[in-house]
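Spelled out from the first residue to the last, the chains are:
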Amino acid sequence: MISYTAILSANVRTLLQYRTAAVAGLITQIFWGLIRVMIFEAFYRSTTADQPMTLDEVVTYIWLGQAFFLLLPWDVDRQIHALIRSGLVGYELLRPVDLYNLWFTRALAFRTAPTLLRAVPLIAVAILFLGMGAPASAAAGLAFCVSMIGALLISCAFTTLLNITLMWTVSGQGVAGLSAAAVTILTGMLIPVPFFPDWAQTVINALPFRGIVDTPYRLYLGHIPPSDAIWHLGHQFVWTVALILAGRWLLARGVRRLVMQGG
């Protein structure tokens, strides 16, 4: 456990150094957030039909999505990609640690540090100037915080699974492209899940992706009552375990079939 803590700490410290990139990303996220807010404002002004969420709730949902955008498991770890492509992944197998736990720890740092650099200032700006609301209640805020831990674990488990698939692919571009499209739609990042047709919501609610975006954000809004949080947290926990088990199984197969450069 000490080894993984040290690895996590070292990777987080390294990633926290990219402050200029974080500022550029912050400006980009605010820009795209404003565009999405304007799109939904135009939508609400052009319809008189009842909607599953109020405009204020959607605006807050959007800014939460922009703040935690880098938490989405839409790409692979470039360092692991390079290790596999070069054959240096063999050194990973020689380390006196569990390979899956090592890559999962790296995913934790990969998803946590850059997200924190953007999320904290963006939320502050959005609440002060861009119409983002506070949590619906203290209970909603607590449920949101706990659910975000679940969202992080699902994201890291899925990221690790994507990294493991690199053992079978020449390039990670295809995997990253497919995962980006699926994750953006199925998490509710593009359109909040309550706006989907009923049949689509049934499918999305059964998948793990809504636990990364839709579940914590709607808990924040009180759109999902805090009293129902236990069921949604359970959904996140079950899928985290399932993704970890799938990743471990796939990694075991990959290591058995792995051929290093030179034989």
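Rules used in this analysis
Residues numbered from 1 in each chain as written. Predicted model: local features only at pLDDT ≥ 70, side-chain atom pairs only at ≥ 80, totals over all residues. Heavy atoms only, no water. Salt bridge = Lys/Arg side-chain N within 4 Å of Asp/Glu carboxyl O. Helix = DSSP H or I, 4+ residues; strand = E, 2+ residues; numbered from the N terminus. Core = buried A, V, L, I, M, F, W, Y, C linked by side-chain atoms within 4.5 Å. Buried < 20%, exposed > 50% of the residue type's maximum accessible area, 1.4 Å probe, protein only. Contact = heavy atoms within 4.5 Å. Axes fitted to C-alpha atoms, helices over the stretch in contact; angles between N-to-C directions. Parallel < 35°, antiparallel > 145°, perpendicular 65-115°, else oblique. Nonpolar A, V, L, I, M, F, W, Y, C, P; charged D, E, K, R; others polar. Arc of directions from axis to C-beta. Expected span 1.5 Å × (residues − 1). Phe/Tyr/Trp six-rings, centres within 6.5 Å; stacked < 30°, edge-to-face > 60°.

Engineer: Tell me about the pattern of salt bridges, and name the residues and values.
Structural biologist: Under the criterion given, the structure shown has 2 salt bridges. Between Arg248 and Asp98 there is a salt bridge whose closest N-O contact spans 3.1 Å. Here Arg248, found in helix α11 (residues 229-257), pairs with Asp98, found in the loop between α5 (89-94) and α6 (99-129); they are 150 residues apart in sequence, far enough to count as distant. In this structure, Arg218 engages Asp214 in a salt bridge whose closest nitrogen and oxygen atoms are separated by 2.7 Å. In this pair, Arg218 and Asp214 are both assigned in helix α10 (residues 214-221), 4 residues apart and thus about one turn of the helix distant.

Engineer: Describe the nonpolar core, naming the residues involved and giving the relevant values.
Structural biologist: Counting 57 residues, the largest nonpolar core has Trp63, Phe68, Trp103 and Tyr217 as its most contacted members. Of the residues forming this core, the biggest block, 11 residues, is contributed by helix α7 (residues 138-165). When near neighbours in sequence (up to four residues on either side) are disregarded, Trp103 contacts Ile80, Ile84, Val89, Glu92, Thr160, Asn163, Ile164, Met167 and Leu251.

Engineer: Outline the packing of helix α3 (residues 55-67) against α6, listing residues and values.
Structural biologist: Where α3 meets α6, the axes come as close as 8 Å, and the angle between the chain directions of the two elements is 150°. The angle between α3 and α6 falls in the class roughly antiparallel. Counted together, Trp63, Gln66 and Ala67 of α3 and Thr115, Arg118, Ala119, Leu122, Ile123 and Ala126 of α6 form the full contact between these two elements. Of the residues assigned to the contact of α3 with α6, the class counts are 6 nonpolar, 2 polar and 1 charged.

Engineer: Just give me the short version of helix α9 (residues 198-206), but keep the residues and values in it.
Structural biologist: The complete set of buried residues in α9 reads Ala200, Gln201 and Ile204. Viewed along the axis of α9, the buried residues span an arc of 100°, placing them on a single side of the element. Residues of α9 that are exposed and point more than 90 degrees away from the buried face comprise Asp198, Trp199 and Thr202. Residues of α9 that are buried make contact with α8 (173-186).

Engineer: Please give an account of α8 that cites residues and values.
Structural biologist: Here α8 spans 20 Å end to end across 14 residues, near enough to the 20 Å set by a 1.5 Å rise per residue. Taken as a whole, α8 has its buried residues at Val175, Ala176, Ser179 and Val183. All buried residues of α8 project into a common sector of 90° when viewed along the axis, lining one side. Residues of α8 that are exposed and point more than 90 degrees away from the buried face comprise Gln173 and Leu178. Tucked into the core, α8 has its buried residues touching α7. At the exit of α8 stands Gly188, carrying a positive phi of roughly 95°.

Engineer: Explain the packing of aromatic side chains residue by residue, including any values.
Structural biologist: Taken as a whole and assessed by the stated rule, the structure comprises 10 aromatic pairs. Where Phe69 meets Trp74, the ring centres are 5.9 Å apart and the plane angle is 35°; that geometry is what we call tilted. Take Phe69: its relative accessible area is 25%, and that puts it in the partly exposed class. Residue classification places Trp74 among the partly exposed positions, given a relative accessible area of 27%. Here the aromatic rings of Tyr100 and Phe104 are separated by 6.1 Å at their centres, their planes lie at 25°, and the arrangement is stacked. One end of the pair, Tyr100, and the other, Phe104, are both in helix α6, 4 residues apart, so they sit about a helical turn from each other. Summarising the burial analysis for this pair, Tyr100 and Phe104 share the class buried. Grouped by ring-pair contacts, the aromatic residues Phe40, Phe43, Tyr44 and Phe195 constitute a single cluster.

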